[in-house]
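Read off the chains here:
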Amino acid sequence: MKRFTEIQFWLVLIFFVIVSLLPDTTLYADTSAKSGLESKEIRDDFEGEEGENEDDLAGFEEDENEETGFTDDTGFQQADLRQTETEGVEDRFILFGGFFKEDLGYSYENDETYPKWSKIRSILNLNIDFNLTSEWRAKAVWNGFYDYAYSHFGKENFSSDTLESYESESEIRDLFLDGALSSWLRIKIGRQIIAWGQSDVEQITDMANPRDLRELGMVDIEDARVPILASKISLQINTWETNLVAIHEFRPNKTPTEGSEFDPLAALRENFVILDEEVPENNLENTEYLVRVFKTFNGGDFGIVWADVHDDGYHLDFESYDALQNQLSLTPRHRRVQSGGFSGNLVKGSWLFKTEFAKKTGVAIARNAADIAKQMMATATVAQMTGNTYYNRESQIIATWSEKDLLQIMLGFEYSGLDDFTISLEGDLEKIEAYDDNLGSREISGSASLHISYTALNDTFAANFFLFHLTDDNGNVYRINLDYDLIDALNASGGWVVYDASETDAMIYPFRKNDRLFAALKYSF
């Protein structure tokens, strides 16, 4: 990921606006021999990409069963309802597309520490599709943004890390080659999204892609996936499919930086020194592996998943302790974890029932503050006795985390029996095995999420309500989204997100004054 200067952003935007206004020069190729599977997949990809870290990011999402070409995520046989809209698309050799979007955010409760205009962002998305042959296709997607909120408020008020992460970004999202080697074997190589599992909230069996978590509760999990460089082999025999994946690059979760609105380590920084995040190198030894065996049947699907990957979320690891200063330094690091589990769904009339389960081994669980303080006092006593006042990482004299196994389960449903309404409810539980009292997390924790959607005016208007609740009084996040298609290529949207927490030790409590109104205008080309 590279930073994007304001001048560079506008030069690229002006160039592609001019290109989009030119007469259609799309090249065509003869694809009359294309199979139904290949045609459908190419039409799906040609529909374009959505914005980086936005509510309309669904274009980046690859449906769990997209590569099969046979079923949607309910397991039903798909009818190509978009044939009229996409007629001739499969004949195009090259197809250009993208969008330009203005995104505004107003955090009305912010004090002088953060700007009230928390987002004044211009986003540019460009994608190009190549229909190489009847069996092979390629795709490239670039996304960049520049946020004027930081220059408006004063860049000197932000850390370099915050400016690096939030002010601008230039990123190649998708860049892959996809093709069929035979009627039952296909490969996909390059930067891509690999979306498995059923949960709309938690990362249970969906372990391939890291997440963009820079703005709490602003996007859904399927919209926050960050593409990775991977090789995927898919073998399909009748209704059975096996996916073999090797991931060649490690990309950590995009997390809030020091000094940003949603910095999760703000309280810890008052007592400890948090050093720069240490990311595993991209080499053969750090290659990650995933396997999925997937079965579709009349009315549903079921998949078994195994993964050997690095944890995309960091843990705080002991780096050093200075007894004279009573100063503990910690480094965010990523452990290798193994995961095995299953996911599935079943449709009954207007109801869709879904479940997901995984056991993760080798997970780093943070120790609680009292335990770490106790270890620091004991180390200080040893330092007085021995005269050795500085301890580095090799000494491992202070343990900031424990290795544990984790059980995760999700149960949920979706109901679409009311005209123009869809209601989804999901509950997630997490249990730490061989629990110790010195851990910073509860032995059993959970969350619940509710999503109600309504469409009207021939689907040109959509209203969505989201509720995310953390158990044990850890807080709630509420979000309302309104979208309206002004014309075919122009969409207006807006909404409100609220962070609610009453207990001072609640996870959401530090962000209780980050409520935000937001609005956007998007032009697609």
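Heads up: these notes are all about the structure in this document. This one's a predicted model, so the numbers in the text were calculated from it and none came from an experiment.

Helix and strand counts for the protein stand at six helices and 22 strands. For the protein, the proportion of its 525 residues judged to be buried stands at 49%. In the protein, 65% of the contacts between residues at least 6 apart in sequence involve partners at least 24 apart. Of the roughly 24900 Å² that the protein leaves accessible, carbon and sulfur atoms contribute 58%.

Formed by 18 residues in total, the largest nonpolar core has its most connected members in Ile194, Val245, Ile247 and Leu290. Here this core gets three residues from one element, more than from any other, and that element is strand E10 (residues 300-310). Excluding residues within four positions of it along the chain, Ile194 makes contact with Asp206, Ala208, Asn209, Ile228, Ala230 and Val245. Residues Phe272, Ala323, Met376 and Tyr391 belong to the second largest nonpolar core, which totals 14 residues.

Turning our eyes to something else, we now look at the pattern of salt bridges. The full count for this structure, using the stated rule, is 33 salt bridges. Linking Glu167 and Lys155 is a salt bridge whose minimum nitrogen-to-oxygen distance equals 2.9 Å. Taken together, the residues span a long stretch of sequence, with Glu167 in helix H4 (residues 160-167) and Lys155 in the loop between helix H3 (149-153) and H4 at a distance of 12 residues. Arg225 is paired through a salt bridge with Asp206; the nearest N and O atoms lie 2.5 Å apart. One end of the pair, Arg225, is in the loop between strand E5 (185-192) and strand E6 (228-237); the other, Asp206, is in the loop between E5 and E6, with 19 residues separating them in the sequence. Linked by salt bridges that have partners in common, Glu169, Glu171, Arg173, Asp212, Arg214, Arg251 and Lys254 make up one network.

A separate point is a nonpolar patch on the surface. There is a patch of nonpolar side chains on the surface, built from Trp240, Val293, Phe297, Phe302, Ile304, Phe342, Leu346, Trp351 and Phe353 and spanning about 790 Å² of accessible area. For the nonpolar patch, the secondary structure elements donating two or more residues are strand E9 (288-297), E10, strand E13 (336-348) and strand E14 (351-366). Here Phe297 is to be found in strand E9.

Attention shifts here to the packing of aromatic side chains. Summed over all chains, the structure comprises 13 aromatic pairs. Between Trp351 and Phe353, the aromatic rings sit 6.0 Å apart at their centres with planes inclined by 5°, giving stacked as the arrangement. Given a relative accessible area of 35%, Trp351 falls into the partly exposed group. According to the relative accessible area criterion, Phe353 is partly exposed, its value standing at 39%. Members of the aromatic cluster, connected to one another through ring pairs, are Trp351, Phe353, Phe413 and Tyr415. Across the ring face of Phe176, the terminal group of Lys188 is positioned such that the distance to the ring centre comes to 4.2 Å.

For the rest of this paragraph, the subject is the pairing of strand E16 (residues 401-415). One ladder, built from 14 bridges, connects E14 with E16; its direction is antiparallel. Counted as the bridge partner of Lys359 is Leu407 from E16. With 10 bridges joining them, E16 and strand E17 (residues 421-432) adopt antiparallel strand pairing. When the bridges of E17 are listed, Gly412 appears paired with Glu426. Hairpin connection, E16 to E17: the antiparallel pair is bridged by five residues, and Asp420 has positive phi, about 70°.

The next point concerns the sheet that holds strand E11 (residues 315-322). Two orientations exist for strands paired in a sheet by backbone hydrogen bonds: parallel and antiparallel. Taken together, four strands build an open sheet; the order of strands is E8-E12-E11-E15 and the sheet is mixed. A single partner strand is all that each edge strand has here, and the edge strands are strand E8 (273-274) and strand E15 (390-392). Here three bridges tie E11 to E15, and the two strands are oriented antiparallel to one another. Each bridged residue has a counterpart across the sheet, and for Ser320 the counterpart in E15 is Asn392. Of the strands in this sheet, E11, strand E12 (327-333) and E15 are in contact with helix H6 (residues 369-386), which crosses E15 at around 125°.

Attention now moves to the pairing of E10. Summarising burial for E10: eight of the 11 residues are buried, a large majority. In the sheet, E9 pairs with E10 via nine bridges, with the strands oriented antiparallel. Pairing of Tyr289 across the sheet is with Asp308, part of E10.

What follows is about H6. An α-helical segment advances 3.6 residues per turn. Residues three or four places apart therefore align on the same side. With 18 residues, H6 should cover 26 Å at 1.5 Å per step; its first-to-last C-alpha distance of 26 Å lies within 8% of that length. Among the residues of H6, those classed as buried are Asp371, Ile372, Gln375, Met376, Thr379 and Ala383. Seen from one end, H6 has its buried residues packed into an arc of 135°, which puts them on one side. Seen from the open side of H6, the exposed residues pointing more than 90 degrees away from its buried face are Ala370, Lys374, Met377, Gln384 and Met385. Where H6 is buried, its residues touch E11, E12 and E15. Positive phi appears at Gly387, one or two residues downstream of H6, with a value of about 80°.

Negative charge collects at one region of the surface, where Asp161, Glu164, Asp276 and Glu277 lie side by side. In this fold, Asp161 is placed in helix H4. Judged by its relative accessible area of 41%, Asp161 falls in the partly exposed class.

Turning our eyes to something else, we now look at H4. Of all the residues in H4, the buried ones are Thr162, Leu163, Ser165, Tyr166 and Glu167. The secondary structure elements touched by the buried residues of H4 are strand E2 (117-131), strand E3 (136-147), H3 and strand E4 (168-180).

The next subject is the side chain of Asp147. Tracing the chain through its elements places Asp147 in strand E3. Here the side chain of Asp147 touches Ile120 through a polar contact of 2.9 Å, landing on its backbone nitrogen. Non-local contacts of Asp147, meaning those with residues more than four positions away in its chain, are made with Ser118, Lys119, Ile120, Arg121, Tyr166 and Glu167.

About the cut-offs
Residues numbered from 1 in each chain as written. Predicted model: local features only at pLDDT ≥ 70, side-chain atom pairs only at ≥ 80, totals over all residues. Heavy atoms only, no water. Helix = DSSP H or I, 4+ residues; strand = E, 2+ residues; numbered from the N terminus. Buried < 20%, exposed > 50% of the residue type's maximum accessible area, 1.4 Å probe, protein only. Contact = heavy atoms within 4.5 Å. Areas by Shrake-Rupley, 256 points an atom, 1.4 Å probe, with all protein chains shown as cover. Core = buried A, V, L, I, M, F, W, Y, C linked by side-chain atoms within 4.5 Å. Salt bridge = Lys/Arg side-chain N within 4 Å of Asp/Glu carboxyl O. Patch = residues over 30% accessible without salt bridge, like charges linked within 9 Å, V, L, I, M, F, W, Y side chains within 5 Å. Phe/Tyr/Trp six-rings, centres within 6.5 Å; stacked < 30°, edge-to-face > 60°. Lys NZ or Arg CZ within 6 Å of the ring centre and 35° of its normal. Pairing = 2+ DSSP bridges. Axes fitted to C-alpha atoms, helices over the stretch in contact; angles between N-to-C directions. Expected span 1.5 Å × (residues − 1). Arc of directions from axis to C-beta. Lys, Arg positive; Asp, Glu negative; His and termini not counted. Charge placed at Lys NZ, Arg CZ, Asp CG, Glu CD. Polar contact = N/O pair within 3.5 Å; in protein donor to acceptor, adjacent residues only side chain to side chain.

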